[in-house]
Amino acid sequence: MELSILEDSDSLTRVALRGRLDTEGVDQVEAKFNAAIAPSGKNTIVDFTEVTFLSSMGVRMLLTMARVLNRRKAKLVLQGPQALVHESLRHSALDELIPVAADEAAARALLPA
């Protein structure tokens, strides 16, 4: 699992995840994911286009960060999940708690102004 910071502006953080967000993948990126997003408390878009698998550990990591941002009046949005990952988001009902967008423009539109 890999994490890249795509954008870190005054109002937005964008990160990309690549690989399997399973137990091993979460172990590899969770500390970096939290460090990239939580301290600033800004609206965040997570590019999911290259995430190939999402387990319950990945769901926990995302839900925890969404709650942290919510307390700071910011929002977490997931961008472009593949079909299998999108299905996992629906089955876990995570897509009811964290907005999911098809692309970056749609993700940005879901964020508060």
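Provided above is the structure to which this section pertains.
Given the structure is predicted, the values throughout are model-derived calculations rather than measurements.

Each value, and the rule that gives it
- Residues numbered from 1 in each chain as written.
- Predicted model: local features only at pLDDT ≥ 70, side-chain atom pairs only at ≥ 80, totals over all residues.
- Heavy atoms only, no water.
- Pairing = 2+ DSSP bridges.
- Helix = DSSP H or I, 4+ residues; strand = E, 2+ residues; numbered from the N terminus.
- Contact = heavy atoms within 4.5 Å.
- Axes fitted to C-alpha atoms, helices over the stretch in contact; angles between N-to-C directions.
- Buried < 20%, exposed > 50% of the residue type's maximum accessible area, 1.4 Å probe, protein only.

*Asks:* Explanation requested: the sheet that holds strand β2 (residues 12–21) in the structure shown.
*Replies:* Within a beta sheet, neighbouring strands are joined by backbone hydrogen bonds and run either parallel or antiparallel to one another. Taken together, 5 strands build an open sheet; the order of strands is β1-β2-β3-β4-β5 and the sheet is mixed. Looking at which strands have only one partner, the edges of the open sheet turn out to be β1 (2–8) and β5 (100–101). Relative to strand β3 (residues 43–54), β2 runs parallel, the two being bridged by 9 bridges. Bridged to Val15 within β3 is Val46. The sheet strands contacting helix α3 (residues 83–91) are β3, β4 (76–79) and β5, and the helix crosses β3 at an angle near 115°.

*Asks:* How do you make sense of the environment of His91 when you look at a structure like this?
*Replies:* With respect to the helices and strands, His91 occurs in helix α3. Residue classification places His91 among the exposed residues on the basis of a relative accessible area of 65%. Placed 12 residues apart in sequence, His91 and Asp103 show a C-alpha to C-alpha distance of 21 Å.

*Asks:* Just to check I follow, could you spell out the side chain of Gln79 for this structure?
*Replies:* When you line up the elements, Gln79 lands in strand β4. On the accessibility criterion, Gln79 (7% relative accessible area) is buried.

Distances and angles like these do not, on their own, reveal function.
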